[in-house]
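Read off the chains here:
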Amino acid sequence: MKSFIKNLTFTKRQIPIPADYRPLFKIGHVILILAMASRSNKASLMKLHFLCWSIKSEQNISQVTTWMRNNFRSDYHIWGVEPTVNRAVTYAIAEGLLALNDGDYLLTDQGMNLYKLMKKDKELFQVEKSFLESIGKNGISEGTIKELSKKFI
């Protein structure tokens, strides 16, 4: 993975940062989402936030699975928006893994190559890969995300 991430530097801290807050961990999530659960490997920032939140825990995965099963008909849909996703997207663009295209984020060829390496590793992001695979490219549309977000804006 080092060949893909060249220009980033990090400062060692005395207290370990939880994995979910580490930029490379979140970049991995964003790349998986774009490659596995987004049409044309492209998604809005809101969809990235929604799916990053959904794969954050088993409980969130279960909640989103229930919402999908009910075609998002329940009245209550709320999810987290985390600065770590924004930071990961910024770093991924800087490293050439993503590109901004008409307001959406697109997986580049370099990003797709990293996804292929991540996909080969059977131990890396097992739960996340399984869930995103179950959603598929057409499971949650941008239209659905827009409708859900309108309820809370």
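See above for the structure.
Residues numbered from 1 in each chain as written. Predicted model: local features only at pLDDT ≥ 70, side-chain atom pairs only at ≥ 80, totals over all residues. Heavy atoms only, no water.

K.L.:
When you look at the overall build of the protein in this model, what are you seeing that I'm missing?
P.N.:
Counting its secondary structure elements, the protein contains seven helices and three strands. Ordered by position from the N terminus, the helices and strands of the protein form the series α-β-α-α-α-β-β-α-α-α. Put simply, the protein has 153 residues, and 43% of those count as buried. When contacts within the protein are restricted to residue pairs at least 6 apart in sequence, long-range pairs at least 24 apart make up 70% of them. (Helix = DSSP H or I, 4+ residues; strand = E, 2+ residues; numbered from the N terminus. Buried < 20%, exposed > 50% of the residue type's maximum accessible area, 1.4 Å probe, protein only. Contact = heavy atoms within 4.5 Å.)

K.L.:
So what exactly am I meant to see when it comes to the nonpolar core here?
P.N.:
Across soluble globular proteins, nonpolar side chains have a tendency to be buried as a group. Ile31, Leu48, Phe50, Leu132 and Ile140 are the most contacted members of the largest nonpolar core, which has 40 residues in total. Mapped onto this core, the elements with two or more residues apiece are α1 (23–36), α2 (45–54), α3 (58–69), α4 (83–94), β3 (104–107), α5 (109–120), α6 (126–135) and α7 (142–150). The residues contacting Leu132, other than those within four sequence positions of it, are Leu32, Ile33, Met36, Ala37 and Ile55. (Core = buried A, V, L, I, M, F, W, Y, C linked by side-chain atoms within 4.5 Å.)

K.L.:
Explain the environment of Leu100 here, please?
P.N.:
By secondary structure assignment, the location of Leu100 is in strand β2 (residues 98–101). Residue class for Leu100 comes out exposed when judged on its relative accessible area of 54%. Linking Leu100 and Ser44, residues 56 residues apart in sequence, is a C-alpha distance of 9.7 Å.

K.L.:
Mind showing me how you'd approach the packing of aromatic side chains here?
P.N.:
Aromatic rings considered in pairs are described by the distance between their centres and by the relative angle of their planes. This structure, assessed with the given rule, holds five aromatic pairs. Residues Phe50 and Trp67 carry aromatic rings whose centres are separated by 6.3 Å and whose planes lie at 25 degrees to one another, so their mutual orientation is stacked. One end of the pair, Phe50, is in helix α2; the other, Trp67, is in helix α3, and 17 residues separate them in sequence. Grouping aromatic residues by their ring pairs yields a cluster made of Phe50, Trp53, Trp67 and Phe72. (Phe/Tyr/Trp six-rings, centres within 6.5 Å; stacked < 30°, edge-to-face > 60°.)

K.L.:
Got a minute to help me understand the sheet that holds β3 in this structure?
P.N.:
Backbone hydrogen bonds are what pair the strands of a sheet, in a parallel or an antiparallel way. What the three strands build is an open sheet, ordered β1-β3-β2; its pairing is antiparallel. Looking along the sheet, the strands with just one partner apiece sit at the ends: β1 (42–43) and β2. Bridge analysis of β2 against β3 gives four bridges, and the strand direction is antiparallel. Within the sheet, the bridge partner assigned to Leu98 lies in β3 and is Leu107. Its contacts with the sheet place α1 against β1, β2 and β3, and it is angled at close to 85 degrees to β3. (Pairing = 2+ DSSP bridges. Axes fitted to C-alpha atoms, helices over the stretch in contact; angles between N-to-C directions.)

K.L.:
Help me understand α2, please; the structure alone is not making it clear to me.
P.N.:
Spacing of three or four residues puts side chains on the same side of an α-helix, whose turn is 3.6 residues. The buried count for α2 comes to eight of ten residues, which makes it a mostly enclosed element. When we look at burial in α2, the residues that qualify are Lys47, Leu48, His49, Phe50, Leu51, Cys52, Trp53 and Ser54.

K.L.:
Teacher, can you tell me more about the pairing of β3 here?
P.N.:
On any regular strand, side chains alternate: one points to one face of the sheet, the next to the other face. Strand direction decides the pairing type here: β1 and β3, joined by two bridges, are antiparallel. Looking at β3, one finds that Ala43 is bridged to Tyr105. Remark: two residues form the turn of the hairpin made by β2 and β3, two consecutive strands paired antiparallel; Asp102 in that turn has positive phi of roughly 55 degrees.

K.L.:
I'm lost on the environment of Val85 in this one. Help?
P.N.:
Mapped onto the fold, Val85 is located in helix α4. In this structure, Val85 is in contact with Lys26, Leu48, His49 and Cys52, ignoring residues within four places of it in sequence.

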